[in-house]
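The chain contents come next:
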Amino acid sequence: MTRKELFKNTLRKSVHAWKLINELPLSDDESLMLRHFMDQPGFLDLHWRMFVPAIKGQGTEEQKQKWLPLANKMQIIGCYAQTELGHGSNVQGLETTATFDPQTDQFILHSPTQTSSKWWPGGLGKVSTHAVIYARLITDGKDHGVHGFIVQLRNMDDHSPLPGITIGDIGVKFGNGAYNSMDNGFLMFDKFCIPRDQMLMRLSKVTREGKYVPSDVPRQLMYGTMVSVRQTIVSNASIAMARAVCIATRYSAVRRQFGSQNGGIETQVIDYKTQQNRLFPLLASAYAFRFVGEWLKWLYTDVTQRLEASDFATLPEAHACTAGLKSMTTSATSDGIEECRKLCGGHGYLWCSGLPELFAVYVPACTYEGDNVVLQLQVARFLMKTVSQLGSGKAPAGTTAYMGRAKHLLQCRSSIRKAEDWLNPAMVLETFEARALRMAVSCANNLSKFENQEQGFSELLADLVEAAIAHCQLIVVSKFIVKLEGEIKGKGVKNQLKNLCYIYALHLIHKHLGDFLSTNSITSEQASLANHQLRSLYTQVRPNAVALVDAFDYTDHYLGSVLGRYDGNVYPKLFEEALKDPLNDTVVPDGYHEYIRPLIKQHLRSARL
Ligand SMILES: CCCCCCCCCC/C=C\CCCCC/C=C/C(=O)SCCNC(=O)CCNC(=O)[C@H](O)C(C)(C)COP(=O)(O)OP(=O)(O)OC[C@H]1O[C@@H](n2cnc3c(N)ncnc32)[C@H](O)[C@@H]1OP(=O)(O)O
Ligand SMILES: Cc1cc2nc3c(=O)[nH]c(=O)nc-3n(C[C@H](O)[C@H](O)[C@H](O)COP(=O)(O)OP(=O)(O)OC[C@H]3O[C@@H](n4cnc5c(N)ncnc54)[C@H](O)[C@@H]3O)c2cc1C
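Source: prediction; values computed, not measured. (Residues numbered from 1 in each chain as written. Chains lettered and ligands numbered in written order. Predicted model: local features only at pLDDT ≥ 70, side-chain atom pairs only at ≥ 80, totals over all residues. Heavy atoms only, no water.)

J.: How would you summarise the packing of aromatic side chains if you had to cite specific residues and measurements?
T.: Summed over all chains, the structure comprises 17 aromatic pairs. Here Phe291 and Phe480 contribute two aromatic rings whose centre-to-centre distance is 5.2 Å and whose plane-to-plane angle is 70°, an arrangement assigned as edge-to-face. Residue Phe291 is located in helix H6 (residues 273–308), and its partner Phe480 is located in helix H13 (residues 461–485); the two are separated by 189 residues in the primary sequence. Among the aromatic residues, ring-to-ring pairing joins Phe37, Tyr287, Phe291, Phe480, Phe552, Tyr554 and Tyr558 into one connected group. (Phe/Tyr/Trp six-rings, centres within 6.5 Å; stacked < 30°, edge-to-face > 60°. Helix = DSSP H or I, 4+ residues; strand = E, 2+ residues; numbered from the N terminus.)

Set out below in structure tokens:
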């Protein structure tokens, strides 16, 4: 499809999905499932995941009563317009202004520079009638920082932009189809006026007289919509990883190379330890991210309930967990999808493998909802704060509770003696805790050598990110272990999950061996034992690998992959796909008479053939 066709077809699908949701009708969970199977980024994502939650989280009761019924019936379509051409990560650096005019009781929205143009918001370019706009609030010449406003963008009769608004699509993005189904947009305001009651005023207010009234709740609640989406992105990482792994695992069982004896069949590539060493940790990650995603959903629900009761104590941890896990799981999944492409050899590079499209549509997850490095730095700040409070009498809680055992974890030596010891959950957990704590404490010690903490932080950014990743990996490993300790129906299933849990943990040790050795969390002998155990786990997973990906229950239609077909009938179907290519419509290609024939004829003449 051309871009225009792709965009229009996605509009068609989105509107059809919305019709089904209402007609059947579908529950919220079923509607999410429908979105999952619609399987294309589109304006509904931003309307439901960001526009509506932003109003719910930041609007007053009256604002919710006014706007939510319209949004819930999709009589208005909204998006979330925060990022600007010049500023994305640095939200406090946004330039768009919303200046209160007491004479008209209105805010004047203005884009003072080119870099202040909104740039990137999904659904903005061509579809949305409304947006939640983030802009600097100015009253009486004073800048109060960034706040949210509900703004109508387009005329409700003919969809034309309202006077004072310039709006459009930002152009083609990475990949052929992928994210190009979405109208990520730009927007400029030229002194565009909105009524005062369209500032989202749950967190702070501007009175009729133009007085700014800050609220007594943390201003970070303005970032709440991002926290909610980051949490869902973790579960989505599992879905995308599982999809790539399903394709690569099934194909690795079909594909054979070398090893034929006396003219017999060749070896299935899944039997090579190198293939297993690349594939099975990704299979384990798909399960691990699913379980940590379930836990994060619980954490998010818990913090939401606490916030409703004005208990803000767990907000920093919820922010650190959603930011860190969003970052860690999306980076691992993007890399994992690309690894799966390579695991499928040359055929993985074919569009019909399903992997190029999956990669292209997935990889911006490392950037949207917060650049992955920027988000890990938020985790690092949280860890440095926690370390600095050790010994102050305030016991660390939640995911940093292990830091409360700092004295032990800083000096303990791993008691792993034989390979099987690596199947002991307490020993594995302690290894990850020791490594995470020692990396965090080492950063804190190095920071303390700087007179200026911010300067020290800038100098140590790379180490801080590594410490944050170590903490996030510990969370994933620990939640996998907790899952195993809970109710899992079926001993066989539990055994399989145990294998995957240890593959996940031991492979991380192997991959980040430098961290584990340099922090003396394990010795090089214990590292060899971990590798030995890992190989043995691969052997145990091998006979069940295909069943473990079949368990994801993805249909062939959803996978969209010739290589990942359930029936394994890969080669005939690769031919069928090839023959569908427009280049094969004719035997002699268009351009032969124009370019190839004259070239050949010229050579034939000069060679006197
Ligand atoms: C084959 C076909 C397959 C098809 C598959 C389809 C796949 C589709 C999948 C769809 C899935 C999901 C849909 C998602 C849609 C994505 C759309 C994207 C939307 C966006 O990107 S919206 C814009 C997002 N922008 C960002 O994330 C910006 C990142 N920056 C920030 O968040 C912040 O500014 C910051 C965290 C970097 C803060 O920096 P800083 O300058 O320090 O900030 P301050 O404002 O001064 O605040 C500092 C203190 O506040 C704390 N803090 C910061 N953030 C939060 C928070 N969110 N909650 C609570 N607290 C927060 C911070 O820790 C500081 O605290 P302290 O003072 O240290 O105590
Ligand atoms: C597909 C897609 C959809 C999007 N949808 C929306 C949307 O609906 N609404 C919306 O408002 N926005 C949206 N965005 C924008 C998105 O949120 C931003 O792109 C994202 O927050 C990153 O910001 P940036 O582009 O400014 O990156 P930058 O911050 O410019 O990052 C560039 C580089 O600088 C590094 N860097 C930046 N700051 C630091 C620092 N302090 N320390 C160390 N390194 C740093 C980063 O790691 C990165 O390597 C979308 C983006 C994409 C790609």
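J.: Just give me the short version of the UniProt feature "domain: Acyl-CoA oxidase C-terminal" (unreviewed entry) in the protein chain, but keep the residues and values in it.
T.: Feature annotation in UniProt places "domain: Acyl-CoA oxidase C-terminal" (unreviewed entry) on residues 424–601, given in this structure's numbering. Along residues 424–601, the helical share is 74% and the strand share 0%, with 74 Å between the first and last C-alpha atoms. (UniProt positions renumbered as here; feature names shortened; annotations may be inferred.)

J.: I'd like to hear about the sheet that holds strand S8 (residues 185–189), residue by residue, with values.
T.: Spatial ordering of the open sheet is given by S4-S8-S7, a layout of three strands whose pairing is antiparallel. Edge positions in the sheet fall to strand S4 (118–119) and strand S7 (165–169), since each of these pairs with one other strand and no more. For S7 and S8, the ladder comprises five bridges, and the chain directions are antiparallel. Counted as the bridge partner of Ile167 is Leu187 from S8. (Pairing = 2+ DSSP bridges.)

J.: Now, about the UniProt feature "binding site: FAD" (unreviewed entry) in the protein chain: what can you tell me, with residues and values included?
T.: Residues annotated by UniProt as "binding site: FAD" (unreviewed entry) correspond here to Thr83 and Gly122. Spatial clustering of the annotated residues is evident: they stretch over 40 residues in sequence, but the largest pairwise C-alpha distance comes to 10.6 Å. Relative to the helices and strands, Thr83 resides in the loop between strand S1 (78–81) and strand S2 (97–101). In contact with Thr83, other than residues within four places in its own chain, are Gly88, Ser117, Lys118, Trp119, Trp120 and Pro121. (Contact = heavy atoms within 4.5 Å.)

J.: Run through empty space enclosed by the protein, naming residues and quoting values.
T.: Summed over the entire model, instances satisfying the criterion amount to one cavity of 30 Å³ or more. Roughly 30 Å³ of volume is contained in the largest cavity. Looking at the largest cavity, the residues that line it are Phe7, Thr10, Leu11, Ser14, Gly42, Phe43, Val127, Ser181, Met182 and Asp183. When residues in the lining of the largest cavity are grouped by element, the largest group, four residues, is from helix H1 (residues 3–23). (1 Å grid on protein atoms, 1.4 Å probe; cavity = no way out; pocket = protein on both sides within 12 Å on 5 of 7 lines; lining within 4 Å. Points joined across faces, edges and corners; volume = space filled by probe spheres on them.)

J.: Please provide a residue-by-residue account of the layout of surface pockets, values included.
T.: Roughly 500 Å³ of internal volume is contained in the second largest pocket. For the lining of the second largest pocket, the secondary structure elements donating two or more residues are H6, helix H7 (315–343), helix H9 (372–388), H13 and helix H14 (491–511). With seven residues, H7 is the largest single contributor of residues to the lining of the second largest pocket. Each residue belonging to the lining of the second largest pocket can be placed in one class, and the counts come to eleven nonpolar, ten polar and four charged. (Nonpolar A, V, L, I, M, F, W, Y, C, P; charged D, E, K, R; others polar.)

J.: Can you explain the environment of Leu187? Please cite residues and give values.
T.: Structurally, the position occupied by Leu187 is in strand S8. For Leu187, a relative accessible area of 0% puts it in the buried group. Taking the C-alpha atoms as reference points, Leu187 and Ala360, separated by 173 residues in sequence, lie 25 Å from one another. Apart from the residues lying within four places of it in its own chain, the contact partners of Leu187 are Ser111, Ser117, Lys118, Leu124, Ile133, Leu153, Ile165, Thr166 and Ile167. (Buried < 20%, exposed > 50% of the residue type's maximum accessible area, 1.4 Å probe, protein only.)

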